[in-house]
Amino acid sequence: MEKLIAKYLNKLEAQGLASKADAVFLALDAEVISNKPIQGDILGLSRVFDFMSINSLLFAQPAEPYKGIIDEIIRYDSHYQAQGKIVPMDCETRTFFHDIPIVGEFLPEVIAEALSRRKSVIVKDRGIVTYGVVTPEQAFVSFSSTCFSTFVKYFFDILTHLEDCCSGKALPDNDRIRGFQEIVRRYRMVAPDQSAASLSPGPPGDEDAIISMLAEAGRAVVEHRLVDSYFGNISYTHGSTIYISQTGSSMDELESCIDAVPLDGSSSGGITASSELSAHKNVYLQTGQTAILHGHPRFPVLLSLHCPGKDCDRGLCHSACREKRDIAGIPVVSGEIGTGPAGLMHTVPPAMQENRGVIVYGHGVFTSGRNDFQKPFSRLLDIDKTCRAEYFRRIGKYLEELKIDPEFLGE
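Residues numbered from 1 in each chain as written. Predicted model: local features only at pLDDT ≥ 70, side-chain atom pairs only at ≥ 80, totals over all residues. Heavy atoms only, no water.

In this section: the sheet that holds strand S15 (residues 364–369). Reading across the sheet, the 8 strands line up as S10-S9-S8-S11-S15-S14-S13-S12 and stay open at both edges, with mixed pairing between neighbours. Two strands bound the open sheet, and with one partner strand each, they are strand S10 (258–262) and strand S12 (325–327). Each adjacent strand pair in this sheet contributes to an overall mean axis angle of 25°, direction not counted. Relative to S15, strand S14 (residues 357–360) is paired through 4 bridges, and the arrangement is antiparallel. Directly across from Val 360, in S15, lies its bridge partner Gly 364. Its contacts with the sheet put helix H9 (residues 207–223) on strand S8 (233–238), strand S9 (241–245), S10 and strand S11 (291–295), and the angle it makes with S8 is roughly 155°. Helix-sheet contacts for helix H14 (residues 374–401) involve S11, S12, strand S13 (330–333), S14 and S15, and the interaxial angle to S15 is about 140°. (Pairing = 2+ DSSP bridges. Helix = DSSP H or I, 4+ residues; strand = E, 2+ residues; numbered from the N terminus. Axes fitted to C-alpha atoms, helices over the stretch in contact; angles between N-to-C directions. Contact = heavy atoms within 4.5 Å.)

Below, the discussion takes up the pairing of S15. Two faces make up the sheet, and in a regular strand the side chains alternate between them. Within S15, 6 of the 6 residues are buried, leaving the element largely enclosed by the surrounding structure. Residue alternation in S15 divides its side chains into two sets, Gly 364, Phe 366 and Ser 368 and Val 365, Thr 367 and Gly 369, and both sets are buried. Here S11 runs beside S15; their pairing, made up of 5 bridges, is antiparallel. Residue pairing across strands places Gly 295 opposite Val 365, the latter belonging to S15. Linking two consecutive strands that pair antiparallel, namely S14 and S15, is a turn of 3 residues; a positive phi of about 65° is found at Gly 362 within it. (Buried < 20%, exposed > 50% of the residue type's maximum accessible area, 1.4 Å probe, protein only.)

One pass over the full model with this rule turns up 17 aromatic pairs. Taking the centre distance of 6.2 Å and the plane angle of 65° together, the rings of Phe 155 and Tyr 187 count as edge-to-face. Here Phe 155 is found in helix H7 (residues 136–166), whereas its partner Tyr 187 is found in helix H8 (residues 174–189), with 32 residues between them in sequence. No difference in accessibility class separates Phe 155 from Tyr 187, as the two residues are buried. Lying across the ring of Phe 106, Arg 126 places its NZ or CZ 4.4 Å from the centre. If you follow Arg 298 out to its NZ or CZ, it ends over the ring of Phe 151, 5.5 Å from the centre. (Phe/Tyr/Trp six-rings, centres within 6.5 Å; stacked < 30°, edge-to-face > 60°. Lys NZ or Arg CZ within 6 Å of the ring centre and 35° of its normal.)

Across the protein chain, the average pLDDT comes to 90, with 92% of residues at 70 or higher. No element of the protein chain has a lower mean pLDDT than helix H12 (residues 317–320), which averages 57, and none a higher one than strand S3 (residues 56–60), which averages 98. (pLDDT = per-residue confidence, 0-100.)

A word on the sheet that holds strand S5 (residues 100–103). Sheets are built from strands that pair by backbone hydrogen bonding, the pairs being arranged parallel or antiparallel. The strand order S2-S1-S3-S7-S6-S5-S4 describes an open sheet built from 7 strands, whose pairing is mixed. Bordering the open sheet on either side are strand S2 (32–34) and strand S4 (85–86), each of which pairs with just one other strand. As judged from the 3 bridges shared by strand S1 (residues 24–28) and S2, these two strands associate in the antiparallel manner. Bridging across to S2, Leu 26 finds its partner in Ser 34. Lying over the sheet, helix H1 (residues 2–14) contacts S1, S2 and S3, oriented at roughly 150° with respect to S1. Running at roughly 140° to strand S6 (residues 120–123), helix H6 (residues 108–115) makes contact with S3, S5, S6 and strand S7 (127–132) of the sheet.

This next bit is on the packing of H7 against H8. Direction vectors running N to C along H7 and H8 enclose 140°, while the axes themselves pass 12 Å from each other. One finds that H7 runs oblique with respect to H8. Here H7 runs over H8; the crossing is left-handed. Contacts between H7 and H8 involve Phe 151, Tyr 154, Phe 155, Asp 157, Ile 158, His 161 and Leu 162 from the former and Arg 176, Ile 177, Gly 179, Phe 180, Ile 183, Val 184 and Tyr 187 from the latter. (Parallel < 35°, antiparallel > 145°, perpendicular 65-115°, else oblique. Left-handed = near helix turned anticlockwise from the far one by under 90°.)

What follows concerns the layout of surface pockets. Approximately 360 Å³ is the volume attributed to the largest pocket. Lining the largest pocket we find 18 residues, and of these Asp 77, Lys 153, Phe 156, Asp 157 and Thr 160 sit closest to its centre. Going through the elements one at a time, helix H4 (78–83) and H7 are the ones with two or more residues in the lining of the largest pocket. The biggest single contributor to the lining of the largest pocket is H7, with 7 residues. Looking at the lining of the largest pocket, its residues break down into 8 nonpolar, 4 polar and 6 charged. (1 Å grid on protein atoms, 1.4 Å probe; cavity = no way out; pocket = protein on both sides within 12 Å on 5 of 7 lines; lining within 4 Å. Points joined across faces, edges and corners; volume = space filled by probe spheres on them. Nonpolar A, V, L, I, M, F, W, Y, C, P; charged D, E, K, R; others polar.)

The structure is reproduced here in structure tokens:
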């Protein structure tokens, strides 16, 4: 258990989520073990185990810009002020969290009550607490997803606030805009690597080479922070078999987490495969592309939520958007995880017949190529760069309309 705790503390730091020196990981083995002495606040936190049937707890003040983002959301979010929770709109929150409660007291019974309903709780002015039922990995995943969801929510909310100010629906909040300026500064200090990765050329010669190529590309996606926690998936089609990452697998640990699934469905080999197996298969069948990559870069996700439509039911946008949309020429489609009528298997493949990269509303990006992952990875990275530039272009446009100096947005 000590090795698992050390592993996920290292991942927290490597992915820019929190300093492992400031994080507390508690795990229940024969007794409660921790990376820090169990005394004071940590002793109090350990008492959450008395209220819940769980295996592990993670508590940390998130690193910047996430700490500042959460502080700003607490200052301005109407859901928090009215209901003590925030409600991000991204796909991960819809399927994984629903909402994120915020509490004001660092008390075990208060934290346990919130965690009994949700996978994560924000303790005001203190940090994020998450848990695992079976393994510490689950606590890490929830922490990572909380950082992702609050990032997307905050940057999206600022965009819509400025849009509302320009349309006369709201008055500019100068304190909020100054706060955004500071968040942008902090973000740029720790912005992820945007340089290309050197990936092995294909086509691969055998199954071992295919798995090696998948694992290499998965690590590159994580290292460039184009996916958070264990979300995202990858596949390669060779002959009559599609090799695809397993559901719930970490993209930087794929060597033993690849399923070989016959395209004709002649075996049950896909039972543990990614939930988006059907989307991958249909992309291959409709486009002939053999290498497919799916990540969750933040700026494409949050920009996909920014729709100019005025008479839409926003509650249906993620599954049944009627508008034909694009962001800087990159198509945006709706679609749900799975094989239902609104499933990604129906919406993503047609869009990828003419475009080797597609943004799914509130969800992430699919890219494809032939023989290897050099082009799918570079497309994923380019889409993230393009959407980041487009986001700040829109912000700059709104600030200019409001006669507010947008100079701080310059690279």
